[in-house]
Structures are given as C-alpha cells and as structure tokens.
Amino acid sequence: MNADYGASTELAGPLQQRRALYQPRLPPCLQGATVRVEYGDATATIDPIGADAVAQAFPRTYGQRLVTFLAPDAGADEADAQERPPIRVGVVFSGRQSPGGHNVVWGLHDALRAHNPNSVLYGFIGGTEGLFANKTLEITNDVLASYKNQGGFDLLGRSIDQIRTSKQVSAAMATCRNLDLDGLVIVGGVTSNSDAAQLAETLVQNNCKTKVVGVPVSLNGDLKNQFVETTVGFDTVCKVNSQLISNVCLDAISAGKYYYFVRLMGRKASHVAFECALQSHPNMLIMGEEVALSKLTLMECINKICDGVQARAELEKYHGVLLIPEGLIESIPEMYALIQEISILHNSNIPVAEMPSKLSPWAAALFQFLPPFIRRELLLHQESDNSAQLSQIDTEQLLAHLVEAEMIKRTKEGRYKGKKFSSVCHFFGYQARGSLPSNFDCDYAYALGHISLHMIAAGLTGYMATVANLKDPVHKWRCAAAPLTAMMSVKRHLRGPGAIPTGKPAIHPSPIDLKGKAYELLRGKASSFLLDDYYRTPGGIQYEGPGSDAKPITLTIEDQDYMGDIELLKLYLDKVRTIVKPGCSRDTLKAAISSMISVTDVLTVMSHPLNAELPLYHFN
Ligand SMILES: O=P(O)(O)OC[C@H]1O[C@](O)(CO)[C@@H](O)[C@@H]1O
C-alpha cells in the first residue's frame, strides 16, 4: 500500500477548513451515550416467493426482529461510561467511494468513545484487502481531524467490493478473531451489504463473536426499500451533477449548436439521472426502467431521440441536453442479451480475443454492428457482481453516433430539413464522487455511524443501520436497524406465481418506481422540457444559509403528499427566497417556482396556512 492512509494532512482550502468545523446534527435518541432498544416484529423478506431460499441460505440470521432505537426513558440512570464494557470495532470501506463515507467512521468513533473511552476503533487500510490481510489504522480524534465532513474515502482507501469467496470470508473471520472484534462495520451499497449478510451468517455458524453491521453508503441511490430511504452520497452526487448539467444547458442554449449527451453514474438503476433531471430540467431523459418496461430496441431509442431533435428543429432550436443513466445499455433488450452472452463467456474463462467468435449468430451480428470502441468496452472484465463495467461503456457516444447517422439518413430521405446535427458527449461520475458532502449526507452518515455502535452494543448481527423520516428535519429522524435478510430477494426467470427463484439470495438494486409521484411529475413535464428549454440552475451545493438543508427531490416527493408537508413547503420557499420579494404577485411567485422546480400545483403553496407564518412570503 503506497498511500499514507490516515496521515494527518493540513486542510488546504478555507472551505475544507470550514467544513471540518461543521458539527453534524443528531436526532434526539442518539444524543446521549446510550439508547433504549425496542424490538419489533420478526421479519420475512421483501420477496415472498424467494423467502424459503433466503431462509435456507441464512438459517441462523433469517427472520430476526426489527429494532428501533429510542432516547433512554427520562430519569433512567445512565451508567458511568467506565462501567460499560469497552467495545472493539473494525470498519471497512467496501463499496465504491461516496461523499459522506468518512462521517460514518467519525460517528462510529464518537459513539464508541461516549460508550466507553477505552473502546477501540480500527479502520482497515485499503478496504476489503486490508480486512483480509489485517492491515489496520487505529482511528483516533487526531486521525479523523482532517477527514471530518470531507469527500472521498482516502482516510482508509478501498479496493474490491467483495467479501464472498470462501478464502475471503475465512480471511475476514481470521482478522475478526485476531483483533478480538466485537463488531465489524461494512460500508457500501447493495453488493457490499449482501456480502455483509453472508459474513454475519458464517461468523454465527462458526461461533465467532464479531457482530456484522452494514451501512448504506453508495452514490447510486439504488439501495432503497421499505427499510432504507436513501444511501449516503446520493444527495451530494446528484447536486454536483445537477450543477454541471445546468451549466451545460446554459452553454447549449447560448451557442445554439450542440446537443450534449450526458451519461451519469449510478449503475443499473436510473436514480441519479432521474434526480438530476428533476433538479436541472434537461430536454430529454432516457431512463433504463422505461426502456426495459417498453422493451425499446436500440434503434427505437435512437428514433425517439431523433424525433425530439426534429421537433426542436421545427422551432429553430439546434441545441439540447440529453441525460442517460450508465445502466441504459443493459436495459435495451438486445444489448442485455448480448451482455449476458459475454458474461457467460467470462464465467467460462474464454479469452477475450476469442469471445466474438463464440457468440451466437444473432449476438455476433449485433456485436459487429456496434462501433469498435463499444465492442472493446463490452468485453472488459466484469464487476464483482458479474455485471458489465457500466462506467467504462461509452453509451452516450454510441447514442450520439447513431443519432447522427439517423439524422443524416432522414436528411437524405427528405424527412429532415433542418441544420446538421452536432453532438458533444460527457460522462459525469468521478467528478461528483469525490465532492465535499452536503449537510444532509454529513448528518445522515454521522447518525448511521452512531447507530452502528448501538447495534453492536445490543449484540445485533446481520443487520443494516437505518434512518427513517429523512425528508423531515434531523430532530424527527427515526433510528433503527433492519435485518439484511429482510431486504433480500432471489432472481427468477418467470414472473407471477409460477416463477421459480434461481440464483443466490441478495440485496438487489431497486429500480425507479414508474408508478411513483416523482415519475408522474417528470412525465407531466416531459414535453415542456423537450421543447421549451425550461432549464433550471440549482447552482453549487450550499453549506450554510438558505438551501443548505435541501434534500433530494425524489426523497421528499415520494415519501409524502406533494406539498402536504410544512418542511417541504419551507424548502421550496427557501429556494425562491432570493428572487421573490415580500408582497410580490402570485404570477411572479408562480414563474419563480416553476422555473426552479416542477411544482404542479403552485396554488396549493399559496393557500397553505404556512404562508401566514412566514412573513417573508405574504403574497398579493
Ligand atoms: O471506480 P470504478 O471502478 O470505475 O467504479 C465505477 C462504478 O462505481 C459506482 O460509481 C458506484 O457503484 C458506479 O456508479 C460505477 O459504475
């Protein structure tokens, strides 16, 4: 390991320094050294058909009860910290880096110290490989000083997001025993938390005392289910990307000559692209979930984009911004089938150079049709979950290339009479992944770190730390722990009651809810986005003042009646605060709000009783 992990570095910039001083907010139940642990119902899984398979695979950790953490009863005697047994905990960054990850370690550290100052926290250097090789860094306040509220995972670094093979699991268990760990906290997304569940089960079966706790940290926002509302890092990444997208929108409209094709990280599900579209209002968004549902072929997607380009040309508009998720390529049915064939070849250890000749005739034909750069990228070695390396496949360039060819064809055939189509491509991912985390991600991660300690102290294993009511202010957050097995499902080939579960139980990425309110909202605006250049400029992340408590739009919309909540209303009003002055007309307000966010029923805002409570917002 060359990097000097955990070395106390000086925070160079004033913003970095100021961010290090930010004290994340904690919900009331986490403000003391102890919590009251309340056990709820026993769990099954979110996948009734796969429940038996999950129960069989996790005989010792399946069916555990839900757990809620509450503030200790008023007047309850809080034992002296010295009387609580010290706890030894290890923490590993397993998943990809995501803004806020450092605060999980910080929260865990602070909660451990409050529990008993003789407790010890080890960070594994270099991620899972450090865990296997027992390479540790003791986390202290000094070590943490320059990582508080900072981006990246460079406090400890990371390597592969995998604790899965029997060799890896045995090595992890040996480290837990060697360090005499009471708990191991695994930080990551769907893959890392699936592995955490397996490790927890194995440790129980082998009478290893270490409790395994998962923490939902992933920019993808796809670890979402009835227990988990969002993941740490999603908010920041969407805010940074939305700013970049809106910059590109203004660039596009200024010169009026390019179509920007922007691919966004987020793996198979389209959460990042979707949230960014709600924040920045690009002209088009092609979501993987829509394409998969309608079984749109590659050429149907291209025609859809070309129809949009043509409709805009009729308005004399030759610029535009199109967003796509990096997982789009896998959602196109014929591309999915091709990727599956390549995956089988990888799993059969066929050398990459021989793969094209081993494809089925139709897959070979499709493969040959694709431009050489896409062919090369499709053959890259797979991710740890056996999926294609989506970050490396330049789908935006493939689309731009095919759209250009189709526009030329339409021109030749006389079906398009506008100016020549020109495109510029971007992949926004890494730029946002290392960002300074938003206040929301700082608070959320810090709270999850605290909850992890309370889970270990309560002897829970095979659980994920969770926080509910995230749309509300921090003092209303509800802290809990949910069994990892309860979030599992089993892939199956057929749908419906006759479906036979196949494959290993795992926590799978959850797709965009195409019946949800946020989707309905976006669809309602689709034609205006396409034609009206309804671009919205969210600007950079705000760390102080108005807007610093803004949360992901999808989180706030999905979880409640639109505009039904005072906090959400305050949020919107905060956003318009800078341009809407007291006493302004309804029309000004309406224009201001709709240019910033897709509010469907602005009048509801105006007639809301809260208006009377906020003197700034008395409207004529
Ligand atoms: O750093 P790498 O290996 O390119 O990882 C990229 C992948 O990691 C993520 O950023 C997080 O899972 C994905 O969105 C992306 O596909």
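Residues numbered from 1 in each chain as written. Predicted model: local features only at pLDDT ≥ 70, side-chain atom pairs only at ≥ 80, totals over all residues. Heavy atoms only, no water.

**Observations concerning the overall build of the protein**
Then comes step 1: Across its full length, the protein carries 25 helices and 13 strands.
Then comes step 2: Within the protein, the proportion of its 620 residues that are buried is 58%.
Then comes step 3: Once local pairs closer than 6 in sequence are excluded, the contacts in the protein between residues at least 24 apart make up 78%.
Then comes step 4: When the accessible surface of the protein is totalled, it reaches about 24,900 Å², and 53% of it is carbon and sulfur. (Helix = DSSP H or I, 4+ residues; strand = E, 2+ residues; numbered from the N terminus. Buried < 20%, exposed > 50% of the residue type's maximum accessible area, 1.4 Å probe, protein only. Contact = heavy atoms within 4.5 Å. Areas by Shrake-Rupley, 256 points an atom, 1.4 Å probe, with all protein chains shown as cover.)

**Some thoughts on the environment of N241**
Then comes step 1: Considering the arrangement of structural elements, one finds N241 in helix α8 (residues 234-255).
Then comes step 2: Taking the C-alpha atoms as reference points, N241 and L264, 23 residues apart in sequence, are found 8.0 Å from one another.
Then comes step 3: With residues up to four places along the chain from it excluded, the contact list for N241 reads L264, V272, C276, F428, G429 and A432.

**So, helix α9 (residues 271-280)**
Then comes step 1: Burial of α9 is extensive: 10 of the 10 residues sit out of reach of the surface.
Then comes step 2: Every buried residue belonging to α9 is among H271, V272, A273, F274, E275, C276, A277, L278, Q279 and S280, and all of these are buried.
Then comes step 3: Each element contacted by the buried residues of α9 is listed here: α8, β8 (259-264), β9 (284-285), β10 (320-325), α20 (517-532) and α21 (553-558).

**Details of the pairing of strand β12 (residues 463-468)**
Then comes step 1: With 6 of 6 residues buried, β12 lies mostly within the body of the structure.
Then comes step 2: The side-chain alternation of β12 yields two buried faces, one formed by Y463, A465 and V467 and the other by M464, T466 and A468.
Then comes step 3: Bridge analysis of strand β7 (residues 211-216) against β12 gives 2 bridges, and the strand direction is parallel. Pairing of G214 across the sheet is with M464, part of β12.
Then comes step 4: Across 6 bridges, β12 lies against strand β13 (residues 478-483) in antiparallel orientation. Bridging from a neighbouring strand, Y463 pairs with P483 of β13. (Pairing = 2+ DSSP bridges.)

**Some thoughts on the site of the ligand**
Then comes step 1: Neighbouring the ligand are R96, L219, N220, M265, G266, R267, E326, S391, Q392, Y430 and R433.
Then comes step 2: Between R96 and the ligand, the recorded distance is 2.8 Å, taken from a side-chain N or O atom to an oxygen atom.
Then comes step 3: Out of a free accessible area of 400 Å², the ligand has 86% covered by protein chains.
Then comes step 4: In terms of residue class, the shell around the ligand is built from 3 nonpolar, 4 polar and 4 charged. (Near = heavy atom within 4 Å. Polar contact = N/O pair within 3.5 Å; in protein donor to acceptor, adjacent residues only side chain to side chain. Nonpolar A, V, L, I, M, F, W, Y, C, P; charged D, E, K, R; others polar.)

**Side note on the state of the cysteines**
Then comes step 1: One pass over the full model with this rule turns up 0 disulfides.
Then comes step 2: In this model C301 remains outside any disulfide bridge; the closest cysteine sulfur is found in C306, 11 Å from its own. (Disulfide = S-S within 2.5 Å.)

**Overview of the sheet that holds strand β1 (residues 36-42)**
Then comes step 1: The 9 strands lie next to each other as β1-β2-β13-β12-β7-β6-β3-β4-β5, forming an open sheet whose pairing is mixed. This sheet does not close on itself; its edge strands, each paired only once, are β1 and β5 (136-138). Averaged over all pairs of adjacent strands, the angle between their axes in this sheet comes to 25 degrees, without regard to strand direction.
Then comes step 2: Together, β3 (88-93), β4 (120-124), β6 (183-188) and β7 form the strand contacts of helix α3 (residues 101-115), whose direction differs from that of β3 by roughly 175 degrees.
Then comes step 3: This element, helix α7 (residues 190-205), spans β6, β7 and β12 of the sheet and lies at about 160 degrees to β6. (Axes fitted to C-alpha atoms, helices over the stretch in contact; angles between N-to-C directions.)

**Remarks on the packing of α8 against α9**
Then comes step 1: Interaxial distance between α8 and α9 falls to 8 Å at its minimum, and their mutual angle equals 55 degrees. In terms of orientation, α8 lies oblique with respect to α9. Every pair of crossing elements has a handedness; the one defined by α8 and α9 is right-handed. Where α8 abuts α9, its residues F234, V237, C238, K239, N241, S242, I245, S246 and C249 lie against H271, V272, E275, C276, Q279 and S280.
Then comes step 2: Class assignment for the residues of the contact of α8 with α9 results in 7 nonpolar, 6 polar and 2 charged. (Parallel < 35°, antiparallel > 145°, perpendicular 65-115°, else oblique. Left-handed = near helix turned anticlockwise from the far one by under 90°.)

**Re the confidence of the model for the protein**
Then comes step 1: Of the residues in the protein, 87% reach a pLDDT of 70 or more, and the chain-wide mean stands at 90.
Then comes step 2: In the model, residues 560-568 has pLDDT below 50 throughout and makes 23 contacts with residues more than four positions away in sequence or in other chains.
Then comes step 3: Predicted confidence is poor over residues 595-620, with pLDDT under 50, and the contacts of this stretch with residues over four places away or in other chains come to 64 contacts. (pLDDT = per-residue confidence, 0-100.)

**Quick notes on the environment of K409**
Then comes step 1: Inspection of the secondary structure puts K409 in helix α17 (residues 395-412).
Then comes step 2: Remark: the alpha-carbon pair of K409 and R177, spanning 232 residues in sequence, is separated by 66 Å.

**A word on the side chain of E290**
Then comes step 1: On the secondary structure map, E290 appears in helix α10 (residues 288-294).
Then comes step 2: Residues in contact with E290, not counting those within four places in the same chain, are L285, L514, Y519 and R523.

**Structural notes on the environment of R478**
Then comes step 1: Summarising the element assignment, R478 is placed in strand β13.
Then comes step 2: Measuring from C-alpha to C-alpha, the distance between R478 and L366 comes to 50 Å, with 112 residues separating the pair along the chain.
Then comes step 3: Once residues lying within four places of it in the same chain are set aside, the contact partners of R478 are T466, V467, A468 and N469.

**Description of the sheet that holds strand β11 (residues 423-428)**
Then comes step 1: An order of β9-β10-β8-β11 is seen for the 4 strands of this open sheet, with the pairing classed as parallel. Looking at which strands have only one partner, the edges of the open sheet turn out to be β9 and β11.
Then comes step 2: In this sheet, β11 lies alongside β8 in parallel orientation, the contact comprising 6 bridges. Across the sheet, the residue bridging to V262 is H426, located in β11.

**Here we look at the packing of aromatic side chains**
Then comes step 1: Under the criterion given, the structure shown has 10 aromatic pairs.
Then comes step 2: Both rings, one in F261 and one in F421, keep their centres 6.1 Å apart while their planes meet at 80 degrees; by these two values the pair is edge-to-face. Of this pair, F261 sits in strand β8 while F421 sits in the loop between α17 and β11, and the two are 160 residues apart along the sequence.
Then comes step 3: A centroid spacing of 5.9 Å and a plane angle of 85 degrees characterise the contact between F427 and Y430, whose relative ring orientation is edge-to-face.
Then comes step 4: According to the relative accessible area criterion, Y430 is partly exposed, its value standing at 41%. (Phe/Tyr/Trp six-rings, centres within 6.5 Å; stacked < 30°, edge-to-face > 60°.)

**Points about unusual backbone geometry**
Then comes step 1: With a phi angle near 60 degrees, N149 is a residue other than glycine that sits in the positive phi range.
Then comes step 2: Within the fold, N149 resides in the loop between α5 (141-144) and α6 (166-178).
Then comes step 3: A positive phi angle is found at D533, which is not glycine, with a value near 50 degrees.
Then comes step 4: Here D533 lies in the loop between α20 and α21.

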